[in-house]
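The chain contents come next:
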Number of protein chains: 2
Amino acid sequence: MASSDIHKAPKGTRDFYPPRMAIRRHIEGAWRSAGMDSGFDEIEGPMFEHLDLYTVKSGEEIISQLFSFKREGGDDLYALRPEFTPTLARMAVARGKSLPTPTKWFAIPSHFRAERPQRGRLREHVQWNVDVLGLSDGSADVEVISTALLALERLGLGPEDVKVRLSHRGSIAKVLGALGVSDDSMQPALMLLDRRDKMSEEDFRSSAAGLGLDESAVARFDQAARATLPLSGSLSDLSKTLGVSGESLEELDGIRTGLLDAGLADWCVLDTGIVRGLAYYTGTVFEIFDVKGAERAIAGGGRYDKLVELFGGQPTPACGFGMGDVVLSLVLQEHGLLGSGEGEDLLPRPEVFLVSTTEEGDRRMAPLLVALRRAGIHARRSHKSTRNPGKLLAEAGKLRARHAVILGEELAEERVILKDLEAGTQSSVALADLVELIDDDEDTVS
Amino acid sequence: MASSDIHKAPKGTRDFYPPRMAIRRHIEGAWRSAGMDSGFDEIEGPMFEHLDLYTVKSGEEIISQLFSFKREGGDDLYALRPEFTPTLARMAVARGKSLPTPTKWFAIPSHFRAERPQRGRLREHVQWNVDVLGLSDGSADVEVISTALLALERLGLGPEDVKVRLSHRGSIAKVLGALGVSDDSMQPALMLLDRRDKMSEEDFRSSAAGLGLDESAVARFDQAARATLPLSGSLSDLSKTLGVSGESLEELDGIRTGLLDAGLADWCVLDTGIVRGLAYYTGTVFEIFDVKGAERAIAGGGRYDKLVELFGGQPTPACGFGMGDVVLSLVLQEHGLLGSGEGEDLLPRPEVFLVSTTEEGDRRMAPLLVALRRAGIHARRSHKSTRNPGKLLAEAGKLRARHAVILGEELAEERVILKDLEAGTQSSVALADLVELIDDDEDTVS
């Protein structure tokens, strides 16, 4: 490897300099507060797991998509976690019957994929995972969807910007059954429905025919992949479009009613083309998209009632979703919700910036900084050697500090100059009062 | 591998169930707020780096202590990061001259070591890294030490609980030089001083003799490994003990004066036995210990003015420290600073817990939860099927909720029962006023 390579982050990973880190913390802060306000408890697991944990659910073919390794001299095979669900299931299984009902957990883990990086898909990313274990009724589905929307709303997005597109695997299986898909062909049929948008007309038709469907059934299958209905719309219109009875869509209607009751109708659209690629979903499935539709899904989730069993636990109904930071950052940027720059507007603003114009001022700076910071005040100082107050204060403006304090000749009377940089005013104040003055002022800033 | 193994976290890693996660967030919160108030900007890097990044500083022998891997079909060798300093140096070098002076960065990364886990030392841990780049004077040393102490103080520790034990490599080199250690033997002599506490008397004496020291010099070397002085003590006493002139300790005196000026004397002790194992330290070195001394160091750091150059950058003075979560958690637990349990006391308390005793109550619960959470109120609900208010409210008590709301018969008049669980009072309130009532009450809770 060329020696210059060590100066770059590995391909598909990111260096978070302060402005970009401020964006990340802004997003994580919304995730965490939405999760906590919604009554979820935060958890975390190891960054890597035994490799076997991933092949249980996804088979051996997942190995090539993982970063896997052994310890030198060790036998155990490990892999960097590509997703959080297996860790969640493992942790739930380990607790067994001592797990409360419901168990509501969220996590904000880093994930890793050994794939070629693409727009919206990197080798390392951060994902918000929200899960409810132990509830089989639709209240849990509504709970996770409303938690996802709460975070997006706190980040500035509204129902005019993003939509939850949702369906129900049970209802869709009935629709496909009515088209003539046999039980044995159901899983491949669902996968075909999932891939519909990424296939040509021709490929889709030949694949559908391969499932044993006649020409008219293929056409209706195609329609099912495109059928959408506002949550407030008439379900009988949808059942007519899909060529099934209203009862076939009972499960879809259940989740629809729950979301209507919760007052979330504006944010949601029924979309029978939503399947979610993974085989383990058993009921509600949903994805959240930017209405403009330029990016991949912002979030995806649903119900997976067999998952905990798959990892050796008791039968445990479960539902949840994952929301990654990469696509969400792109969407927020496109909607102008991350300020004007690359995150600079989100950097924490210093409450006070200290400058000194005398030697005595230099000497008094360190204890004053300690006192301010002890009071919970974000305090910075100039390290420049100039004694010119104008030059010294330029840095305070650049950092968007709210106040500046000049330690100068006034120290002979134990006083300093306090400048309010937002109001453009200044006054001489007793050094002994300074911490309290700034602290009071900070409390009044909204 | 036995199939039961997948139910365990890999050896030396941790599952963070909610109470333990609450401890982690409590610690990280103190780190972040102390870092931000002290004017440091948060950064992050990739979880793994090119393996070469670690051998640059530590040589090939570090490889066996790392988890290293390739991507299937890829050539690049990567390693999970064992520490943050190489990433920090890489990021600084990449920015070159556009880096501001000073650059003050902190990070809270996960680190990985492929060693045998021990008490206070795991295979995966979280570490707070705080660094100042670009300042060669002692103000930066004082700044990083005071930032470390600010976090410890916020976690409840005081100068009676923990001490910064500090020394200066420049002064120590002069002390060792006066004993007869040649320039060529200086690095091994420093490493011997560093290991003194872990060696037998005999091993130490023979190693010291191997450096060419006579018996009286070995005895004085031994004394240097044990000499301590309160910050407020007399430096001439220390110079006498060490058998050198006061001028030899000029650099040590500089950092001592800085800490005295900052008002941090109570927290600090000069200790010429502190060296820090790593070869790259060039000036101040310090470690923070529990006064009771039962655990490893809580933090360690110092000045490393050659580091950025080592990674191919411009000469850049630098100093900083790392503070891990494992030892710190043990120390806080021993001092009774994490509440009575395993973190339960640190779990977020629900502001309100909703129960329903009627079908209409069930139906009204979802929109009320959405409204409460939108207002930033931590709101949970019962999922039990009983209609017995006493049984329903028991869960609210267990979760330490501040309020409970009963959705019952009163809903016929659009009213609910609001219980203040701390005051033990209750009243019937209009549903329309509920969010505002709880929100106002939340604001008055300190």
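In this text the structure is predicted, and so the values were computed from the model without any measurement.

Asker: Tell me what's going on with the overall build of chain A, and back it up with residues and numbers.
Answerer: A count of helical and extended segments in chain A gives 15 helices and 18 strands. The C-alpha atoms of chain A give 28 Å as radius of gyration, which overshoots the globular expectation for 446 residues (22 Å, by more than 25%). With respect to the three principal axes, the spread of C-alpha positions in chain A is 95 × 60 × 50 Å. Within chain A, the fraction of its 446 residues that count as buried is 56%. For chain A, the proportion of contacts with a sequence separation of at least 24, taken over those separated by at least 6, is 66%. Accessible surface computed for chain A: about 17,900 Å², of which carbon and sulfur atoms make up 47%.

Asker: I'd like a description of the sheet that holds strand β3 (residues 68–70) of chain A, backed by residues and values.
Answerer: Residue and element names in this part refer to chain A. The strand order β2-β4-β3 describes an open sheet built from 3 strands, whose pairing is antiparallel. This sheet does not close on itself; its edge strands, each paired only once, are β2 (48–50) and β3. Pairs of neighbouring strands in the sheet enclose a mean axial angle of 35 degrees, with direction left out of account. With 3 bridges connecting them, β3 and strand β4 (residues 77–80) associate as antiparallel partners. From the neighbouring strand, Ser68 faces β4, where its bridge partner is Ala79.

Asker: Tell me about the interface of chain A and chain B, and please be specific about residues and values.
Answerer: Between chain A and chain B, the residue contacts involve 87 residues of the former and 87 residues of the latter. In total, chain A and chain B occlude about 7,800 Å² of area from one another, counting both sides; carbon and sulfur atoms represent 58% of this. For the pair chain A and chain B, the number of links is 10 salt bridges. Residues Glu143 of chain B and Arg373 of chain A are paired through a salt bridge, measuring 3.1 Å at the closest nitrogen-oxygen approach.

Asker: Any details on helix α13 (residues 359–374) of chain A? Residues and values, ideally.
Answerer: All names here are of chain A. Given a rise of 1.5 Å per residue, 16 residues ought to cover 22 Å, and the 24 Å separating the end C-alpha atoms of α13 matches this to within 8%. Along its length, α13 shows its largest kink, about 35 degrees, at Met365, and proline Pro367 lies within four residues downstream of that point. All buried positions along α13 are accounted for by Gly361, Arg364, Met365, Leu368, Leu369, Val370, Leu372 and Arg373. Of the residues one or two after α13, Gly376 is the one with positive phi, at around 80 degrees.

Asker: Could you give an account of the domain arrangement of chain A, naming the residues involved and the relevant values?
Answerer: The domains assigned to chain A are domain 1 (11–334) and domain 2 (349–444). Just the C-alpha atoms count here: the centres of domain 1 of chain A and domain 2 of chain A sit 51 Å apart.

Asker: Go over the environment of Glu334 of chain A, please, and point to the residues and values.
Answerer: Residue and element names in this part refer to chain A. You can see Glu334 is positioned in helix α12 (residues 325–334). Looking at Glu334, the relative accessible area reads 36%, which means it is partly exposed. Counting along the chain gives 14 residues from Glu334 to Gly320, while the straight-line C-alpha distance between them is 27 Å. If near-sequence neighbours (up to four positions away) are discounted, Glu334 is found in contact with Arg119, Asp290, Lys292 and Glu295.

Asker: I'd like a rundown of the sheet that holds strand β4 (residues 77–80) of chain B, residues and numbers included.
Answerer: Residue and element names in this part refer to chain B. In space, the 3 strands of this open sheet follow the order β2-β4-β3, with antiparallel pairing throughout. Each edge of the open sheet carries a strand with a single partner, namely β2 (48–50) and β3 (68–70). Strand after strand, the sheet turns through a mean of 35 degrees between neighbouring axes, direction not considered.

Asker: Talk me through the pairing of strand β17 (residues 415–420) of chain B; I want residue IDs and the actual numbers.
Answerer: Alignment of strand β16 (residues 403–407) of chain B against β17 of chain B, held across 4 bridges, turns out to be antiparallel. For His403 of chain B, the partnering residue across the bridge sits in β17 of chain B and is Asp420 of chain B.

Asker: Describe the packing of aromatic side chains, and please don't skip the residues or the numbers.
Answerer: Tallying each qualifying case throughout the model produces 31 aromatic pairs over all chains. Their ring planes at 70 degrees and their centres at 5.5 Å tell us that Phe48 of chain B and Phe69 of chain B sit as a pair that is edge-to-face. One end of the pair, Phe48 of chain B, is in strand β2; the other, Phe69 of chain B, is in strand β3, with 21 residues separating them in the sequence. In terms of burial, Phe48 of chain B and Phe69 of chain B fall into one category: buried. Ring centres of Tyr280 of chain B and Tyr304 of chain B lie 5.3 Å apart, and the angle between their planes is 85 degrees; on these two criteria the pair is classed as edge-to-face. In this pair, Tyr280 of chain B is assigned in the loop between β10 (268–271) and β11 (284–290) and Tyr304 of chain B in the loop between β12 (299–303) and α11 (307–310), connecting sequence segments 24 residues apart. One aromatic cluster is present, formed by Phe48, Phe67, Phe69, Tyr78 and Phe112 of chain A together with Phe48, Phe67, Phe69, Tyr78 and Phe112 of chain B through successive ring pairs. Taking NZ or CZ as reference, Arg196 of chain A lies 4.4 Å from the ring centre of Phe204 of chain A, over its face. It is Arg24 of chain B that lies over the ring of Phe16 of chain B; its NZ or CZ is 4.7 Å from the centre.

Asker: An account of the pattern of salt bridges is requested, with residue identities and associated values reported.
Answerer: By the definition in use, this model includes 67 salt bridges over all chains. Between Glu42 of chain B and Arg25 of chain A there is a salt bridge, with its nearest N and O atoms 2.7 Å apart. With Glu42 of chain B in strand β1 (residues 41–42) and Arg25 of chain A in helix α1 (residues 18–37), the pair connects residues from two separate chains. By relative accessible area, which is 23% here, Arg25 of chain A ends up partly exposed. A salt bridge links Asp222 of chain B to Arg226 of chain B, with the shortest nitrogen-to-oxygen separation between them at 3.2 Å. Residue class for Asp222 of chain B comes out buried when judged on its relative accessible area of 10%.

Asker: Go over the relation of the copies chain A and chain B with me, naming the residues and quoting the values.
Answerer: With an RMSD of 0.0 Å, chain A superimposes on chain B once it is rotated by 180 degrees and translated 0.0 Å along the axis. Taken together, the turn and the small shift mark the pair as related by a two-fold rotation axis. Closest to the rotation axis within chain A is the C-alpha of Phe69 of chain A, separated from it by 2.8 Å. Taken as a fraction of all interface residues of chain A, those also at the interface in chain B reach 100%, which identifies the copy contact as same-surface.

Asker: Give a detailed account of the environment of Leu330 of chain A, specifying residues and quantitative values.
Answerer: As for its placement among the helices and strands, Leu330 of chain A is situated in helix α12. C-alpha of Leu330 of chain A to C-alpha of Arg119 of chain A: the two residues are 211 residues apart in sequence and 9.4 Å apart in space.

The rules we used
- Residues numbered from 1 in each chain as written.
- Chains lettered and ligands numbered in written order.
- Predicted model: local features only at pLDDT ≥ 70, side-chain atom pairs only at ≥ 80, totals over all residues.
- Heavy atoms only, no water.
- Helix = DSSP H or I, 4+ residues; strand = E, 2+ residues; numbered from the N terminus.
- Rg over C-alpha atoms; globule rule 2.2 N^0.38 Å.
- Buried < 20%, exposed > 50% of the residue type's maximum accessible area, 1.4 Å probe, protein only.
- Contact = heavy atoms within 4.5 Å.
- Areas by Shrake-Rupley, 256 points an atom, 1.4 Å probe, with all protein chains shown as cover.
- Pairing = 2+ DSSP bridges.
- Axes fitted to C-alpha atoms, helices over the stretch in contact; angles between N-to-C directions.
- Buried area = accessible area lost by both parts, 1.4 Å probe.
- Salt bridge = Lys/Arg side-chain N within 4 Å of Asp/Glu carboxyl O.
- Expected span 1.5 Å × (residues − 1).
- Bend = angle between axes of the 7 residues up to and from the residue.
- Domains from an automatic or database assignment.
- Phe/Tyr/Trp six-rings, centres within 6.5 Å; stacked < 30°, edge-to-face > 60°.
- Lys NZ or Arg CZ within 6 Å of the ring centre and 35° of its normal.
- Least-squares fit on C-alpha atoms with pLDDT ≥ 70 in both.

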